[in-house]
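# Per-entry structural report
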Amino acid sequence: MKNNYIYTQFKACAENEKLARQIIAHFVSDLNPTLDELCDIKTAVSEAVTNAVIHGYKNKAGIIFMSAEICKNEIIVEISDKGYGISDVEAARQPLFTTQPEMERSGMGFTVMETFMDDLQVYSKPDCGTKIIMRKKIANND
Amino acid sequence: MNILVTNNTLTVKLCEDIDHKNALDIRKQIDSEIGKRPIKTLIFDFSGVEFMDSAGIGMILGRYKLLNAIGGMVYINNPTKAVLKIIEISGINKIIPIMYNNESCTCEVK
């Protein structure tokens, strides 16, 4: 199957970080990714969902929207929240930027997403929420 | 996870995904051991970890700072390919030594 899509929404909580990366891992398996590619995608999804839980909703109640699309040999994952948003996206994308050093956040979330995926787009508006779109081509999917 | 204390060395064998949720639990357990005993060396054994995101980096770095403040050392033992990749991207391998030995992770099945 060369084209497919899913739409999911789930509670913003730490327990669902694993669920989210497992959903995407199953979904992308149609493209026959290598173990390395699969791990890269799972890690990027985990970072995005964790950001939504901790920063988007600041550990309060909320819903995370995750959709994914397979388009030829590429997976596109969109993860969004309707939480607090980011006032300065450029600053937030810098390595080691964190608003919660006391929580031992490494400030590596966006850096990991950028490194492990081919492309990362971040859209955010304070008090409206954040949407990230990540893409990755799977090299050998025949 | 499996905690082993010999003399002043705390060895933590991790056998699960390390993400935001688990990193908090691991951090609590390690800090509780360090609070009870005069630990000088902390060894993380990652041989059983197939997945770790940046929450794991924050957790390791936090323990490094803790041990550093009391004149101790932290080591990363047997990282799998996936764990090594995120460790290298974060750059913490520049301050925390990575070791490999033949001792495999013996995790209890819960």
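Sequence positions are assigned chain by chain, starting from 1 and proceeding in written order. As a convention, the first chain written is A and the first ligand written is 1, with the rest following in written order. Per-residue local features are limited, in this predicted model, to residues with pLDDT of at least 70; the limit for side-chain atom pairs, both in listing and counting, is 80 or more; totals at the level of whole chains, interfaces and linings are taken over all residues. The side-chain figures draw on all heavy atoms in the structure; neither hydrogens nor water molecules are used.

### Comments concerning the overall build of chain B
For clarity, the cut-off: Secondary structure elements are defined from DSSP: runs of H or I of at least 4 residues count as helices, runs of E of at least 2 residues count as strands, and each element is numbered from the N terminus. The globule rule used here is 2.2 Å times the number of residues to the 0.38 power, and the radius of gyration it is set against is calculated over C-alpha atoms. Only protein chains enter the accessibility calculation, which uses a 1.4 Å probe; a residue whose area is less than 20% of its type maximum is buried, one above 50% is exposed, and one in between is partly exposed. Two residues form a contact once any of their heavy atoms are found within 4.5 Å.
What chain B contains, in helices and strands, is three helices and five strands. Secondary structure elements of chain B occur, N-terminal to C-terminal, as β-β-α-β-α-β-α-β. Computed over C-alpha atoms, the radius of gyration of chain B comes to 13 Å, within 12% of the 13 Å expected from 2.2 N^0.38 for 110 residues, which places it in the range of a compact globule. C-alpha atoms of chain B, sized along the principal axes, occupy 35 × 30 × 30 Å. Within chain B, the fraction of its 110 residues that count as buried is 48%. Taking as baseline every contact in chain B between residues at least 6 positions apart, the subset at least 24 positions apart corresponds to 69%.

### Points about the packing of aromatic side chains
Here is the rule: Working definition: a ring pair exists when centres of Phe, Tyr or Trp rings (six-membered ring for Trp) sit within 6.5 Å. Plane angles under 30 degrees give stacked, over 60 give edge-to-face, the rest tilted. Remark: a charge is flagged as sitting over a ring if the NZ atom of Lys or the CZ atom of Arg is within 6 Å of the ring centre and within 35 degrees of the ring normal.
In this structure the tally under the stated criterion is two aromatic pairs over all chains. Note on Tyr5 of chain A and Tyr7 of chain A: the rings are 5.7 Å apart at their centroids and 65° apart in plane angle, and the pair reads as edge-to-face. When the ring of Phe44 of chain B is compared with that of Phe46 of chain B, the centres are 5.8 Å apart and the planes differ by 25°; the resulting orientation is stacked. A residue is classified by how much of its surface remains accessible, and Phe46 of chain B, at 0% relative accessible area, is buried. Sitting above the plane of the Phe65 of chain A ring, Lys82 of chain A keeps its charged end 5.2 Å from the centroid. Between the NZ or CZ atom of Lys85 of chain B and the centre of the ring of Phe116 of chain A, over which it lies, the distance is 4.7 Å.

### Structural notes on the environment of Thr50 of chain A
Looking at where Thr50 of chain A falls in the secondary structure, it is placed in helix H2 (residues 35–56). Along the primary structure Thr50 of chain A and Asn16 of chain A are separated by 34 residues, whereas in three dimensions their C-alpha atoms are 9.1 Å apart. Among residues more than four places away in sequence, those in contact with Thr50 of chain A are Glu17, His55 and Arg105 of chain A together with His20 and Asp53 of chain B.

### Comments concerning the interface of chain B and chain A
Operational definition: For salt bridges, the criterion is a side-chain nitrogen of Lys or Arg within 4 Å of an Asp or Glu carboxyl oxygen. For this classification, Asp, Glu, Lys and Arg are treated as charged, while Ala, Val, Leu, Ile, Met, Phe, Trp, Tyr, Cys and Pro are nonpolar and the rest, including Gly, are polar.
Facing 23 residues of chain B, the contacting portion of chain A comprises 26 residues. Taken together, chain B and chain A are joined by five salt bridges. Among the ionic pairs, Lys85 of chain B bridges to Asp40 of chain A, the shortest N-O distance being 2.9 Å. No other element matches the seven residues that helix H2 (residues 54–69) of chain B contributes to the side of chain B that touches chain A. Residue classes in the side of chain B that touches chain A are distributed as nine nonpolar, five polar and nine charged.

### Overview of the confidence of the model for chain B
Selection criterion: Think of pLDDT as the predictor's per-residue confidence, scored from 0 to 100.
Mean pLDDT over chain B: 91, with 92% of residues reaching 70 or higher. Across residues 104–110 of chain B the pLDDT falls below 50, and counting only partners more than four positions away or on other chains, this stretch makes 13 contacts in the model.

### Observations regarding the pairing of strand E2 (residues 63–71) of chain A
All names here are of chain A. Put simply, the rule is: For two strands to pair, DSSP has to find at least two bridges joining them.
Examined bridge by bridge, strand E1 (residues 3–11) and E2 share nine bridges and lie antiparallel to one another. Of the residues in E2, the one forming a bridge with Tyr7 is Ser67. Counting the residues between successive antiparallel strands, the hairpin from E2 to strand E3 (residues 74–81) contains two residues, one of them, Lys72, with a positive phi of roughly 55°.

### A short note on the side chain of Asn77 of chain B
With respect to the helices, strands and loops of the structure, Asn77 of chain B is situated in strand E4 (residues 73–77). Excluding its chain neighbours within four sequence positions, the residues that come into contact with Asn77 of chain B are Ile43, Phe44, Asp45, Phe46, Ser47, Met99, Tyr100 and Asn101 of chain B.

### So, the packing of helix H1 (residues 20–36) of chain B against H2 of chain B
Each pair of packed helices can be described by the angle between their axes along with the distance between the axes. Residues and elements named next belong to chain B. The condition that has to hold: Every axis in this analysis is a line fitted to C-alpha atoms, fitted for helices over the stretch in contact. Angles between the N-to-C directions lie between 0 and 180 degrees. Roughly parallel means an angle under 35 degrees; roughly antiparallel, over 145; roughly perpendicular, 65 to 115; everything else is oblique. Each helix crossing is assigned a hand: it is left-handed if the near helix lies turned anticlockwise from the far helix by less than a right angle, otherwise right-handed if that turn is clockwise.
The interhelical angle for the contact between H1 and H2, taken along N-to-C directions, is 15°, at an axis separation of 9 Å. In this view, H1 runs roughly parallel relative to H2, as classed from their interaxial angle. The chirality of how H1 crosses H2 is right-handed. On the side of H1, the interface is formed by His20, Ala23, Ile26, Arg27, Ile30, Asp31 and Ile34, while H2 contributes Ala55, Met59, Arg63, Leu66 and Leu67. For the contact of H1 with H2, the residue count by class is eight nonpolar, one polar and three charged.

### Considerations on the sheet that holds strand E2 (residues 9–13) of chain B
All names here are of chain B. Strands sit in the order E1-E2-E3-E4-E5 across an open sheet of five strands; the sheet is mixed. Looking at the sheet topology across the chains shown, the edges are occupied by strand E1 (2–6) and strand E5 (98–99). Relative to E5, E4 is paired through two bridges, and the arrangement is parallel. In the sheet register, Ile76 faces E5, and the bridge partner there is Ile98. Sitting on the sheet, H1 is in contact with E1, E2 and strand E3 (41–45), with an inclination near 165° to E2. Running over the sheet, H2 touches E3 and E4 and is turned about 165° from E3.

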